[in-house]
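# Report on the structure
Below are the chains, spelled out letter by letter.
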Number of protein chains: 2
Amino acid sequence: MGSPIKSKKNCTVEFQPLGRRIEVPFETTIAQAAQSAGVPLAADCGGKGKCGKCRVHILAGGAAPPAASELKVLEQSSAAPQERLACMTRILGDVKIHVPKTSMVHEQSLQLEGRMRRPEGDRLVQSRFVKLPPPNLQDQRSDSRRLAEAMDAWDENGWTLSPEFVRRLSGVLREFNGELTVFLQDDAPIGLAAGKKTPIGAAFDLGTTTIAGRLVDLESGEILCSEGCMNPQISYGEDVISRLDYAIHNPDGPGRLSAAAKDAINDLLSALCKNAGVEPERVSNLSVACNTAMSHLLLKLPASPLARSPYAAGFSNPLELTGKAFGIKDAPTAKVYVFPCIEGFVGGDHTAMILACGLDQADETCLGVDIGTNTEIVLTRPGADGGMFVTSCASGPALEGAHVRDGMRASPGAIHKVRITENGPEIFTINNEPPVGICGSGLVDALAEMVRAGVLDSRGHFTYEAKGVHKSPRGKYYLLATKEKDQAKQDIIITQKDISELQLAKGAIHAGVQKLLQQMGISAKEISQVYMAGAFGSHLNMESALAIRLLPEDLADAEFVQAGNAAADGACLALLSRRERSRAEKIARKAVHVEMANDSSFSSVLVKAMRF
Amino acid sequence: MGSPIKSKKNCTVEFQPLGRRIEVPFETTIAQAAQSAGVPLAADCGGKGKCGKCRVHILAGGAAPPAASELKVLEQSSAAPQERLACMTRILGDVKIHVPKTSMVHEQSLQLEGRMRRPEGDRLVQSRFVKLPPPNLQDQRSDSRRLAEAMDAWDENGWTLSPEFVRRLSGVLREFNGELTVFLQDDAPIGLAAGKKTPIGAAFDLGTTTIAGRLVDLESGEILCSEGCMNPQISYGEDVISRLDYAIHNPDGPGRLSAAAKDAINDLLSALCKNAGVEPERVSNLSVACNTAMSHLLLKLPASPLARSPYAAGFSNPLELTGKAFGIKDAPTAKVYVFPCIEGFVGGDHTAMILACGLDQADETCLGVDIGTNTEIVLTRPGADGGMFVTSCASGPALEGAHVRDGMRASPGAIHKVRITENGPEIFTINNEPPVGICGSGLVDALAEMVRAGVLDSRGHFTYEAKGVHKSPRGKYYLLATKEKDQAKQDIIITQKDISELQLAKGAIHAGVQKLLQQMGISAKEISQVYMAGAFGSHLNMESALAIRLLPEDLADAEFVQAGNAAADGACLALLSRRERSRAEKIARKAVHVEMANDSSFSSVLVKAMRF
Ligand code: FES
Ligand code: FES
């Protein structure tokens, strides 16, 4: 290990959600592999197969079957069907493992928090506290009439209700002494809680890899708590294309993918309510922002039109459905709002990001970039000759640390900053823990430093004579951290293949930005602000990003804003105000989508953009 | 047989939906029993167990298990799980059997047709035909935007859609060359059909015993077809109280009862569409009118508040839900409207009946009576001192032919008219077939004649010396039809117990009417029109009804209107016009419910009302 040469007997182990990959000998236990890979797996019993704390989910690949003793512990710890004890499970082939948050010693840092702007004036949901007298033989009014009369809504323009609301009303009315709070949207009741309560909203950013959720008090606008989890659809494919394919080619594929996402959202909602100490019945509204593919898979919309040219999405109107129709177990009466997609692969999460950053109303020329496996880019300019152009490019997962030999997500032990001096590379890790891999911002930093130090030439080739460049039968590589110098669990290297993956990613983004500039007929110099959203964006060193030409060099004078999880911010805003929803819908109508696949000159632009 | 003396070895067989009961010897086949009872069961193979045409559903009770040969035929004829071949199944105890319509030689006459008034001006559902160009790389607009732009709805007040609508749109758009019709309600799309089509509505009158369904063309207002079926909830209890009890005392009771009704509605909708040659996708709207208990069981609303004093209903607002939420398989995007209940046991079917008969806008004092196991009564008076009073009374099923020894529903072979001359009784049957039992109107006629001829005294006791009165160890009875004289399959009699059941029924209705008159402070003489709704009402001889004091004698000068299935008419009206819905909702708000259980003097009123 530590050498890029793969022994025939070795197995590749990939740990999700950290995105950490490692090679270990055949029959290594998952717990040992996790330790080597720096995955902070719990082991309360010290790996004796007794505590049940090291439970992991085998997403794909080969492992020895469980012994009776393991099955017993799994049962006692009420493990899910595909879970195994990491300390007891021997690896028999390449394997992909999901480590649930509950099995980790310290928590991963998923991108949860944004820095939300205040919503516009109006409040979407109103609440009203009432005390209803119990029925008796002299007062046999129905439950709904009893409530409507108490709220002066027993008239011409009376309510039309859902059965779920009536069911809840009949329960609460009798169980809690008639004291209750009604939540109203557009003067119609959409929720109900016993006693005097404020309405709660739940906002979700359903990403290809992770799901971020937040609870918002819909009266105060306060964010009560944030939680994240992996998108369990990952077991059906890592990227959107493979998941769309799964949905297309398997009769039960759409159902499975949808159920996986909905189950995760349900679980996340339960966890959020528990953490915030909030009764789930108070959740009157949910909002979901997600990319085009995720929204189609979530809602079982036909996948093939999206997966095949001309890649037409099903909707760019907002969608609304009830909690019951969506399948929210704890809040059947709630209203679920799904952000409108823009066009093609530019989805509702981008709408939400533009909304949260206020790019639709900015008074300067702004660029917004949300880097992920798919990167969405928006360019806006105010005024009469203004406009809003959006595009998406398949930048691949390299900038998130995936498909890179020692790549990993931004979690403790990840190298996030690199300097190359005459003494060689100097590294900085998250939480200052011993290095276990490199996260996206570390990779950008490393590339920038390698270019500056002459380790890489402008086409991305290692220069032979440069210090730190080594050669193996599989190609050249740069030695970034070692066991000896850096207390790394294993040597950490960047291979020529890694460089190529990163070049493709940054080249695609660069080319996308250029395409939008060209469409608007302006130069990068005219851009005043650059919003970087997403987990990757928030740790990025902008100087390095410009140095490797991830973005055009002419942006050097622009103001960079780290927007955090702007899609989740946008999802919250849509829970708070009707005007924010209208803004989101206007963004989806107004934004002009620029299709890359449509441009014959694109490949030559891309080749240039890949240069350092 | 034919004698009221029950042999120990005999088994009672009850055939639904005809409501025909008969006693047969142990081990008789169901087919033989059906023949004796005059149930027109199909038997294409002549009862050899080969054609599979005589399939019946055993709802409860004992029968010998099927032989391998029977199982094979059942499988070949794709029988439902609990179905049996009547010709092969031997009866081993008291048994209740449902004969599906498809297994009958000629169709039962369920109460389906009404005489609907024309709806008020506006049209609830609009349709719009469009032809959409297919997407290509130069035109990647989403499906929903493509449609919205073609319909000039891509603006500020744009649509919010359901996932079901988008799913359908994406399908139709690609499968049918982009030619489609959109159905809109309140300017929002609620349905979609390939090609140029009119929207279709489906109206249901969900009764305790039967379900009537109709298809309506929502553009022309034309009724396309009508169908009826049994309410399969009958296997969980014959009357509303036993079904409510079942829901209260069985954890899965509410789910089962709801599913049974919804399955039947789904099946009825399929049959309606098939008969009318209409694609189910054209069904944009459904409406359901049902009594309070049925609506609560249909929608899984809490049953115990309704079943126990003070009998408060869950809702008197209208309910609306999507086809998906309701569970309409063929029309997930459709909107389902459920009529508002009034109060207590006066439910949405009564609202629909009042609407259909126009009693809310009548310019005379009107009485409306919908006779069933529960009878609902409404009294309305126009003008400043006017008002609308409603009540319901548990009249029991005797007037529908149930719980009466030789009672049956109004189907071929039922005695529906009786005259007693000095030669004894003279009978008339539906379709002039040999008599097999007595239906409700026949019972009323028979009672009136027996009173007139002095067979019964004013307290309902047989006068010993009267011709035709016989005596058995179980009590006295009147011999109405015989094998010899009338070619009856068996002697048809009316027992003292039957008389009591009928007295209770007519007494309850009479008392209910009196209570409403008293509440309004008027006498029966002031009533100008009497609307009789339901299956029973449409065959009734009004003179006989007044003669037995089913209704106050002072109504003799009123005009009687046979309103047919007015609840189903009302359900149709709610599909056609928004103003009709508003009227229905106003009825539910305006009607004043008068509770019988609340009145200490009621029992003495009832005792008097039971007299002849
Ligand atoms: S570490 Fe305790 S069971 Fe694995
Ligand atoms: S009559 Fe043919 S199978 Fe029974």
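Cut-off values and rules
Residues numbered from 1 in each chain as written. Chains lettered and ligands numbered in written order. Predicted model: local features only at pLDDT ≥ 70, side-chain atom pairs only at ≥ 80, totals over all residues. Heavy atoms only, no water. Least-squares fit on C-alpha atoms with pLDDT ≥ 70 in both. Contact = heavy atoms within 4.5 Å. Buried area = accessible area lost by both parts, 1.4 Å probe. Salt bridge = Lys/Arg side-chain N within 4 Å of Asp/Glu carboxyl O. Polar contact = N/O pair within 3.5 Å; in protein donor to acceptor, adjacent residues only side chain to side chain. Helix = DSSP H or I, 4+ residues; strand = E, 2+ residues; numbered from the N terminus. Nonpolar A, V, L, I, M, F, W, Y, C, P; charged D, E, K, R; others polar. 1 Å grid on protein atoms, 1.4 Å probe; cavity = no way out; pocket = protein on both sides within 12 Å on 5 of 7 lines; lining within 4 Å. Points joined across faces, edges and corners; volume = space filled by probe spheres on them. Buried < 20%, exposed > 50% of the residue type's maximum accessible area, 1.4 Å probe, protein only. Pairing = 2+ DSSP bridges. Axes fitted to C-alpha atoms, helices over the stretch in contact; angles between N-to-C directions. Parallel < 35°, antiparallel > 145°, perpendicular 65-115°, else oblique. Left-handed = near helix turned anticlockwise from the far one by under 90°. Expected span 1.5 Å × (residues − 1).

A separate point is the relation of the copies chain A and chain B. Its rotation angle being 180 degrees, the transformation that places chain A on chain B also includes 0.1 Å of axial translation and leaves an RMSD of 0.2 Å. The operation mapping one copy onto its partner corresponds to a two-fold rotation axis. Within chain A, the C-alpha atom positioned nearest to the axis of rotation is that of A325 of chain A, 2.9 Å from it. When the interface residues of chain A are mapped onto chain B, 100% of them again lie at the interface, so the same face is used by both copies.

As a measure of interface size, the accessible area lost when the parts come together is often cited. Of the residues lining the interface, 50 residues belong to chain A; the matching set on chain B comes to 50 residues. Of the roughly 4700 Å² buried between chain A and chain B, counting both surfaces, carbon and sulfur atoms make up 53%. For the chain A face of the interface with chain B, the top three residues by lost area are Q140, N317 and R589 of chain A, together amounting to 15%. Across the chain A-chain B interface, the total number found is four salt bridges. Across the chain A-chain B interface, the total number found is 30 residue pairs in polar contact (both at pLDDT 80 or more). With five residues, helix α4 (residues 163-175) of chain A is the largest single contributor of residues to the side of chain A that touches chain B. Across the side of chain A that touches chain B, the residue classes break down as 21 nonpolar, 15 polar and 14 charged.

Under the counting rule described, the total for this entry stands at six cavities of 30 Å³ or more. Put simply, the second largest cavity is a space of about 70 Å³. The wall of the second largest cavity is formed by A153, W154, D155, E156, G158 and W159 of chain A together with S316, N317, P318, E585, A588 and R589 of chain B. Here the residues of the lining of the second largest cavity are counted per class, giving five nonpolar, three polar and four charged.

For a regular strand, side chains alternate in direction, first toward one face of the sheet and then toward the other. Residue and element names in this part refer to chain A. Of all five residues that make up strand β24 (residues 529-533), five are buried, and the element is covered over most of its length. As judged from the five bridges shared by β24 and strand β25 (residues 559-564), these two strands associate in the parallel manner. Residue pairing in the sheet places A533 in a bridge with G564 of β25.

Time to look at the packing of helix α10 (residues 348-357) of chain A against helix α17 (residues 578-590) of chain A. Residues and elements named next belong to chain A. Packing of α10 against α17 leaves a shortest axis separation of 9 Å and a crossing angle of 120 degrees. Taken together, α10 and α17 sit at an angle that is classed as oblique. As α10 packs across α17, the resulting crossing turns out to be right-handed. Along its contact with α10, which presents T351, I354 and L355, the element α17 presents E580, R583, A584, I587 and A588. For the contact of α10 with α17, the per-class residue count stands at five nonpolar, one polar and two charged.

This next bit is on helix α6 (residues 253-276) of chain A. Helical geometry note: an α-helix holds 3.6 residues per turn, so side chains three or four residues apart project in the same direction. Spanning 24 residues, α6 of chain A covers 35 Å between terminal C-alpha atoms, matching the ideal 34 Å at 1.5 Å per step. Backbone geometry just after α6 of chain A places G277 of chain A at a positive phi near 65 degrees.

Another aspect to go through is the pattern of salt bridges. In this structure the tally under the stated criterion is 62 salt bridges over all chains. Two residues, D252 of chain A and R256 of chain A, come together in a salt bridge whose shortest N-O distance is 3.1 Å. Salt-bridge contacts for E281 of chain B lead to R168 of chain B; the nearest nitrogen and oxygen are separated by 3.3 Å. Residue E281 of chain B is located in the loop between α6 (253-276) and β12 (283-290), and its partner R168 of chain B is located in helix α4 (residues 163-175); the two are separated by 113 residues in the primary sequence. When salt bridges that share partners are traced, they join D139, R141, R145, R146 and E149 of chain A together with E343 of chain B into one network.

Moving on to the sheet that holds β12 of chain B. Residue and element names in this part refer to chain B. As summarised here, the arrangement of the six strands in space is β11-β10-β9-β12-β14-β13, forming an open sheet in which the pairing is mixed. Of all the strands in the sheet, the pair left with one neighbour each is β11 (223-230) and β13 (319-322). Across this sheet, the average inter-strand angle for adjacent strands is 20 degrees, counted without regard to direction. Of the pairings in the sheet, the one linking strand β9 (residues 200-206) to β12 comprises seven bridges and is parallel in character. Within the sheet, the bridge partner assigned to A203 lies in β12 and is S287. Against the sheet, α6 touches β9, β10 (210-217), β11 and β12, its axis set at about 145 degrees to β11.

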